[in-house]
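Listed here are the chains, written in short residue letters.
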Amino acid sequence: MIKNERSDAKASKRNQLLATFFATIGSFGLGTVLSWPAPTLPQLSAQTCSAECRDHLVLSTEQQSWVAALINFGAFTAGPIAGILMPRYGKKWTMMLLSVPIFIGWLFLIFACNVEMLYVGRFLTGFSGAFSLLAPGYIAEICQVEIRGALASFMQVMTMMGLLSTYTIGTWLDWRRLSAVCSVIPLLVILCLYFIPRSPMFLLSMCLKEEARSSLKFYRGGNVDVTQELLKLQASTEESKNVSTVRAVSLLSNKTYLKPLCISLMLMLLQQFSGIKVISSYIVQIFQNAGSKFDANICSIVVVVIQVTGTSISVLIVDKFGRRRLLILSEIFISIAFCMLGTFFFIQESHLPCPTPETCQDQVVTAQTVD
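Residues take numbers from 1 onward in each chain, read along the sequence in its written order. With pLDDT at 70 or above as the cut-off, local features in this predicted model cover only qualifying residues; side-chain atom pairs require 80 or more to be listed or tallied, and sums for whole chains, interfaces and linings still use all residues. The basis for every side-chain value is the complete set of heavy atoms in the structure, and neither hydrogens nor water enter the calculation.

(A) Structural context of the overall build of the protein chain. Here a strand is any run of E in DSSP of at least two residues, a helix any run of H or I of at least four, and the numbering for each starts at the N terminus. Across its full length, the protein chain carries 18 helices and zero strands. The classification of residues rests on relative accessible area computed with a 1.4 Å probe and restricted to protein chains. Under 20% of the type maximum is buried, over 50% is exposed, and intermediate values are partly exposed. Looking at the 371 residues of the protein chain, the share that counts as buried comes to 42%. The contact rule is simple, with two residues in contact once any of their heavy atoms fall within 4.5 Å. If you take every contact in the protein chain between residues at least 6 apart in sequence, the share linking residues at least 24 apart comes to 75%. A 1.4 Å probe and the Shrake-Rupley method give the accessible areas. Residues count as covered only by the protein chains that appear here. Total accessible area computed for the protein chain in this model is approximately 20200 Å², and 66% of it derives from carbon and sulfur atoms.

Right, here's the structure in full:
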C-alpha cells in the first residue's frame with residue numbers, strides 16, 4: 001500500500017460525477033445538432049419565412065430535407081473514424097479530436113451564403129453522433145459499478161437538454177445566431193476534457209500501470225487504496241484483449257456471440273427507424289401544420305420538457321428495474337404515440353379542407369417527410 005492510502009477509506013464520487021458531466025457535454029452538443037433544423041427550417045422556407053429572410057437563403061422542400069438528413073451521413077462517417085482513434089488515443093482524446101470538425105461545421109453554418117455550405121456544415125456537425133458511443137463508454141471505464149448504470153444513462157439526459165436548449169433559444173434568435181451559440185459546445189468539450197485524466201482501463205491497455213493508478217486515484221479519491229481494483233481492471237483488460245481477437249466468422253457462426261449481436265442490431269435498427277430524429281427536425285413545422293392556437297415553438301419546448309422528464313426518471317430507476325423492463329415500457333408508449341401521430345396526418349390529408357392550395361401542398365410535404 002502506498003503512503004497516505006487507507007484500506008478503509010470510502011471512495012469519493014465527486015470526480016466521477018464531474019468527469020461524467022464533462023464527457024456528456026458532447027452529448028449535449030449532439031442534442032443541439034439534432035434539433036437545429038426545427039427552429040431553422042421555417043426561417044429558410046419560402047412558405048413561412050419573412051420578407052427579410054428572402055434576401056438571403058431560401059430553401060426548397062428537397063433542400064430542407066437534405067439539410068435535416070445530412071447529419072446521419074456525418075455520424076456514419078464518424079463511427080469508423082472513432083473506431084480507428086479509440087485504440088490509439090483513448091475515448092477522451094477521441095472526443096476532443098472529433099470536436100474539431102464539429103466546430104468547423106458550425107462555422108460553415110454561421111457563415112453560410114449558399115446551400116452547399118449548409119450541407120457541409122450539417123455533415124461535419126453530424127460527427128457529434130459518435131458521442132452516443134464514446135461518452136457512455138468513457139463513463140463505464142471510470143465509474144464504480146454501483147453508479148455506472150445511472151451515470152452512463154446520463155448521456156441521454158444531456159442529449160435531451162441539448163434539444164431543449166436549441167428549441168428554447170431558437171424561439172428568440174435567428175438561425176445564424178443560434179448556430180453561433182451552438183458552436184461554443186465543441187470548444188467546451190475540448191477545454192473541459194483536457195483537465196481530466198484518461199481512463200484507467202485505456203492506460204492499462206497501453207501498459208502504463210503507474211499512470212493508470214494515478215488516474216484511478218483521481219476518480220476514487222487520493223486516500224483510497226486502489227490496489228485491488230487496479231488488479232481487477234488489469235484482469236478485465238487482459239480478458240478484453242482476448243475477446244478482441246475473435247474473428248468476424250466466429251461472430252456469425254458461434255451462438256454465444258450471434259444472439260447478443262442480433263439483439264443489439266435489432267434494437268439499434270428499431271431505434272433508428274422509429275423516426276424520432278425526423279420528428280425532432282420537423283417538430284415546429286408539425287405543430288404549425290396542426291393548426292394549434294399555441295405558438296409552435298412553445299409546443300416543441302413542452303414536448304422536449306416531457307422527454308427530459310422521462311429520461312431523467314429512467315436514469316434514477318434504471319439500476320432498480322433494469323434496462324429491459326424500461327425498454328419494453330417505453331416502446332409501448334412510443335407505439336401508441338406514433339399511432340396517434342399517423343392517424344392525425346391521415347385525417348389531415350384525407351378529410352380536412354385546406355384554405356389555399358399552397359397550404360395543402362405544404363401539409364402534404366411535411367406529412368410525407370415525417371412518415
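(B) Local environment of the pattern of salt bridges. In what follows, salt bridge is the name for a side-chain nitrogen of Lys or Arg lying within 4 Å of a carboxyl oxygen of Asp or Glu. A complete count under the given rule lists three salt bridges for this structure. When the shortest N-O distance is used, the salt bridge between Glu 141 and Lys 91 registers 2.7 Å. A residue pair is termed long-range when its members are at least 10 positions apart, and Glu 141 in helix α6 (residues 131-142) and Lys 91 in helix α4 (residues 61-110) qualify at 50 residues. Neither Glu 141 nor Lys 91 differs from the other in exposure class; each is buried. With a closest N to O distance of 2.4 Å, Arg 177 and Asp 174 form a salt bridge. Assessed through its relative accessible area of 27%, Asp 174 is described here as partly exposed.

(C) Representation of the nonpolar core in the model. Counting 64 residues, the largest nonpolar core has Trp 36 and Leu 118 as the members making the most contacts within it. When residues in this core are grouped by element, the largest group, 12 residues, is from α4. Joining through side-chain atoms within 4.5 Å is the link that ties buried Ala, Val, Leu, Ile, Met, Phe, Trp, Tyr and Cys residues into a set, and such a set is a nonpolar core. Phe 202, Val 224, Val 226 and Leu 233 belong to the second-largest nonpolar core, a separate cluster that totals nine residues.

(D) Expanded view of the environment of Leu 41. Mapped onto the secondary structure, Leu 41 falls in helix α3 (residues 37-44). Note: C-alpha distance between Leu 41 and Gln 63 (22 residues apart in sequence) is 9.9 Å. In contact with Leu 41, not counting residues within four places along its chain, are Gln 64, Val 67, Ala 68, Ser 281, Tyr 282 and Gln 285.

(E) Focus on the environment of Val 115. Secondary-structure assignment places Val 115 in helix α5 (residues 115-125). Accessibility expressed as a relative area gives 11% for Val 115, which makes it buried. Residues Val 115 and Trp 66 lie 49 residues apart in sequence; the distance between their C-alpha atoms is 9.8 Å. Apart from the residues within four sequence positions on either side, Val 115 is in contact with Leu 57, Leu 59 and Gln 63.

(F) Geometry of the packing of helix α1 (residues 14-23) against helix α7 (residues 145-172). Close contact between α1 and α7 brings their axes to 10 Å; oriented N to C, the two are set at 30 degrees. Taken together, α1 and α7 sit at an angle that is classed as roughly parallel. Crossing of α1 over α7 shows right-handed handedness. Facing Gln 16, Leu 17, Thr 20 and Phe 21 of α1, the residues of α7 in contact are Ile 147, Leu 151, Phe 154 and Met 158. Here the term charged refers only to Asp, Glu, Lys and Arg, the term nonpolar to Ala, Val, Leu, Ile, Met, Phe, Trp, Tyr, Cys and Pro, and the term polar to all other amino acids, Gly among them. When grouped by side-chain class, the residues that make up the contact of α1 with α7 number six nonpolar, two polar and no charged. The convention used is that axes are lines fitted to C-alpha atoms, helices contributing only their stretch in contact, and that angles between N-to-C directions extend from 0 to 180 degrees. An angle below 35 degrees is treated as roughly parallel, one above 145 as roughly antiparallel, one from 65 to 115 as roughly perpendicular, and anything else as oblique. A clockwise turn of the near helix away from the far one marks a right-handed crossing, whereas an anticlockwise turn of less than a right angle marks a left-handed crossing.

(G) Seen up close, the side chain of Ser 300. Inspection of the secondary structure assignment puts Ser 300 in helix α16 (residues 296-321). For Ser 300, a relative accessible area of 1% puts it in the buried group.

(H) Structural view of the side chain of Thr 159. Its place among the elements puts Thr 159 in helix α7. The class of Thr 159 is buried, set by a relative accessible area of 3%. Pairs of N or O atoms are called polar contacts if they sit within 3.5 Å, as long as, within protein, a hydrogen donor faces a hydrogen acceptor (for residues adjacent in sequence, only side-chain-to-side-chain pairs). Only 3.0 Å separates the side chain of Thr 159 from the backbone oxygen of Met 155, close enough to count as a polar contact. The contacts of Thr 159, once residues within four sequence positions are left out, are Ser 27, Phe 28, Leu 30, Gly 31 and Leu 34.

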